[in-house]
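These are the residues of each chain, in order.
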Amino acid sequence: MQQLHRELRERLGPSVTFDEEVRRAYNHDQGEVPYLLMSMIRSVPDVVVAARHESDVAETLKIAKRFNLPVTPRGQASSGYGGAIPTRGGILLDLSEMNRILKIDKDAAMVDVQPGVIWNLLSRKLNQQGLDNRICPTSAPSSTIGGWFAMGGVGLGSLKYGSIRDVVQEIDVVGLDGLVTTYAGDAVEVFHQTCGILGIITRLRLLCRPAEALRPYAILLQENADLAAFLARARNVLSPYSISLKSSGYLKMRGEAEGHPPLTEQGFLATVVIPAGLADDVRVAQTAKVCGGRLLSQEVADLEWANRFYPMRVKKIGPSMMVSEFFIPEVKFQAVWKAVRAQLSGDVLGMEAMAVSNQRLAVQVYILHDAQEPLYLLRMAKALVPLRIAARLGGSIYACGMWFAAGSKKLWGEAKYEAVMECKRRVDPGWLLNPGKIQAPRMPWFPVMDLSRLIQLGTAVMAPLTRRLAGKRFRPS
Amino acid sequence: MRGQKRSMRATPPTELTGPGFTKDQAYALETCARCGFCKPVCPTYPFGGGFEAFSPRAKVHFLRELRAGRAELTSDWVDRLFRCTTCARCVSVCQTSIPLVQLWEAIRAETVERGVGPMPAHQKLSVFAEQTGNPYGEPTEQRVRWMLPEHQPAEEAELMVFGGCTASLRLPSLLQIGVTLLQRQNIPYTYAGTSERCCASVFLRTGQLEMAKRLIAGNIDLIREKGVSQIVTPCGGCSKTLKYDYPQWARQLGKKWEVEVLHFSQVYLRLLESGVVNPIRTLGRTVTYHDPCHLGRAQGIFDEPRAILQALPGVKLVEMEYCREEARCCGGGGGVRANYPEMANQMARDRVMEAMETGADTLVTMCPFCQLSFDLVLKEMGYPLALAGLEDLLLESIIP
């Protein structure tokens, strides 16, 4: 161990720390997971490297290989899938300081960035060149380009431009041998959604869009409105950049969090965002009317758009929040939402959905709870109820990471899964790169079971019981 | 796993008992969304080597762990908790509106109560205040040396000038200009002179609540004796403290507090808008304005200074990339300058560089702390940019 410390210090200087307090700050991500589950993995790394240069990453990986140490890459850990949580200790490679914009090609509308660049900061710099991000996550004020690509995901603009995979054209990846390889086109695919288990991404080339202004519209839709028909019509007639839906339950939660009455007591609020050059007030009003909706004031629309990065504001009335996230075909969405509400009728629920490519919605169901409460572990089973309902009706999980690793094959399809595994066997047969992701950590006391499957099984068994554990309000009055 | 196991063997839950750490604040801790929006905007985070533990998000997580008995208030954590300028940039981006600055102040109070805080330089400030009523340790009589012969405060008036320690003892021109304007417009004002004590801002920010309590109690009594209904001060820190902390402390001390607190920028703007003060001289300057944290984010005073600048002939305002709600801190607040001067200076340097990128020839601000912070580094940089208090420009423009 002393040899390891010496080598890391010699090669990486002040970018390395062995300080226990500093290391412990890396034992979690955005998710609030019960300590019982967390105790099944070694989530505190043995050493943290705050990489600033590609050479730091290369040195770290070479040392990791020589000392047979696991390496967990981490951006801002702004996702709750466990993808950035160590499972076997080892080296935590913090990439958030690799945050330089390397090159902006204004003519080609492309930008090269290091993985730790933050979406909103990139947007700010691109704007100065007349460009902007094609898409960005709703966590854009903190989440990193590399982190989102490695987790996979959709966000604002995905209706028009697709997922993060569609935006990334080329990447540089450092392997355990410390060598850098450039991948482009289809070769990028195995690195997308795989949490860095095949190598550490040190550069990404992204497609950008012209920095045109966007005009938001707010439309109130009735509870019984045909949402799929509305989405199809809006997509075809309005050429939107993005469309999101919020349930009245979500609006009530947000109203309470912000200290004002909710915008509506029933139905859905749709925020349709259109490039300003294509925005036509009359056409939007007609679209709303045809679908039984009502166009709200510009003030409401502007406020909704201004709040686009603040979906978790509702947690203020939690104090904790279980989030169930899934993809669902637009035509199945209402059936899923109806079933979710029926199953979780005793809970404080909210829903936010974003229309994405291929007539799908990325849905987030928020369930209020209190992570400090003794029955938290039981209640957690509720988080998977919406997901199961969605899966039955043609939906899928949103991402894998660690907690949902068991669903990776289904999410990606067999061909990609096999390609990833084949690549893994080739480049990292010892599973040093982000172990426990895509294939979840095995249970020490029952090795045939992994953590992800344990959670699936456990929550399936507990779900009927938790229905009796009606949601409570925890906020002090 | 070693760390993990240790954390599972919990010591008995540790209640944070620092005065001000209320039930609501404890609840707010639990609402942290762990989104990390606070991390990239925190001006002190970059001084932690790029490690998560120095981010506001990690500090909130630590406080939760501390309350649950899974972490200890070690000297390293105390040091991290004091490396915060209380600039409130984290508060302005927080998804769940956690009153983070209140939490930082509460935990600092807790460190003092447990005898592990504050930092050495902060203790010295307390000793000075004990002896002289100001944290600089200047003799009490120095407090009124800023006064010019023409300044004739009334024994009693509705408006009271609160000099504040930094303006009174380090940047007298801020008071000289403001009070001269009041005097020449025949606006009656009173002033406590050598009886005025430190507003206690630095002691509240560094958790030294006993000292703060004594100073505040003394000032409240003094202000009540004078029978004033308005206070005006040139200092962002004093005005924030008088406006937001004094009412709470008055309640706790069982004293009456019905006073409107103004910053001089608000008075200047009223004088300009009412036509009482007329800027006539063309200044020919391109300026950029630095929003002091305690004035801008803390009190929402963003427009007044800009309106004053716009009213000055020949002054062109160019904004820095990070301005108003997003303005970066000068490094002077929260006791950071006292105990971590190198860090404070680097923050000031970074802000000066940002100001220079605008192409402005003058960096303007309206807080003595910010002005002193910038002056220190500008001197070292050979003044590539002039520095002025907004009041200096106002004065320059009204003199024929």
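Calculation criteria
Residues numbered from 1 in each chain as written. Chains lettered and ligands numbered in written order. Predicted model: local features only at pLDDT ≥ 70, side-chain atom pairs only at ≥ 80, totals over all residues. Heavy atoms only, no water. Contact = heavy atoms within 4.5 Å. Buried area = accessible area lost by both parts, 1.4 Å probe. Salt bridge = Lys/Arg side-chain N within 4 Å of Asp/Glu carboxyl O. Polar contact = N/O pair within 3.5 Å; in protein donor to acceptor, adjacent residues only side chain to side chain. Helix = DSSP H or I, 4+ residues; strand = E, 2+ residues; numbered from the N terminus. Nonpolar A, V, L, I, M, F, W, Y, C, P; charged D, E, K, R; others polar. Pairing = 2+ DSSP bridges. Axes fitted to C-alpha atoms, helices over the stretch in contact; angles between N-to-C directions. Core = buried A, V, L, I, M, F, W, Y, C linked by side-chain atoms within 4.5 Å. Buried < 20%, exposed > 50% of the residue type's maximum accessible area, 1.4 Å probe, protein only.

### A short note on the interface of chain B and chain A
Consideration 1: Each side of the interface is counted separately: chain B has 45 residues, and chain A has 58 residues.
Consideration 2: Taking both partners together, chain B and chain A bury about 4100 Å²; carbon and sulfur atoms supply 48% of that area.
Consideration 3: Linking chain B to chain A there are six salt bridges.
Consideration 4: The residue E326 of chain B makes a salt bridge to R124 of chain A at a minimum N-O spacing of 2.7 Å.
Consideration 5: Summed over the shared surface of chain B and chain A, the result is 27 residue pairs in polar contact (both at pLDDT 80 or more).
Consideration 6: Among the secondary structure elements, those contributing two or more residues to the side of chain B that touches chain A are α1 (2-8), α2 (23-30), α3 (38-41), α4 (56-67), α5 (75-82) and α6 (89-93) of chain B.
Consideration 7: Ranked by residues supplied to the side of chain B that touches chain A, first place goes to α1 of chain B with six residues.
Consideration 8: Broken down by class, the residue content of the side of chain B that touches chain A amounts to 16 nonpolar, 13 polar and 16 charged.

### With respect to the sheet that holds strand β3 (residues 71-74) of chain A
Residues and elements named next belong to chain A.
Consideration 1: Strand order in the open sheet formed by four strands is β1-β2-β4-β3, and the pairing between neighbours is mixed. A strand with exactly one partner marks an edge of an open sheet, and here the two such strands are β1 (16-17) and β3.
Consideration 2: Relative to strand β2 (residues 47-50), β1 runs antiparallel, the two being bridged by two bridges. Considered in β2, the bridge of T17 is made with V48.
Consideration 3: Taken strand by strand, helix α4 (residues 54-66) contacts β2, β3 and β4 (91-94), and its axis lies near 170° from that of β4.

### Focus: the nonpolar core
Across soluble globular proteins, you tend to see nonpolar side chains buried next to one another.
Consideration 1: One finds F230, F333 and L451 of chain A to be the most contacted residues of the largest nonpolar core, which totals 138 residues.
Consideration 2: For F230 of chain A, the residues in contact, after removing those within four places along its chain, are I219, L221, I243, A270, V272 and C291 of chain A.
Consideration 3: By size, the runner-up hydrophobic cluster in this structure holds 45 residues, among which are Y26 of chain A together with A71, F82 and L103 of chain B.

### Regarding the pattern of salt bridges
Side chains bearing opposite charge may pair, as long as their charged atoms lie close to each other.
Consideration 1: A full pass over the atoms with the stated rule returns 59 salt bridges over all chains.
Consideration 2: The partner of R324 of chain B in a salt bridge is D303 of chain B, with the nearest N and O atoms 2.3 Å apart. Pair noted here: R324 of chain B is in the loop between β6 (315-317) and α16 (336-339) and D303 of chain B is in helix α15 (residues 303-311), with a separation of 21 residues, a long-range link.
Consideration 3: Of the residues examined, D303 of chain B reaches a relative accessible area of 47% and is grouped as partly exposed.
Consideration 4: The structure contains a network of salt bridges with shared partners spanning E7, R11, E59, K62 and R66 of chain A.

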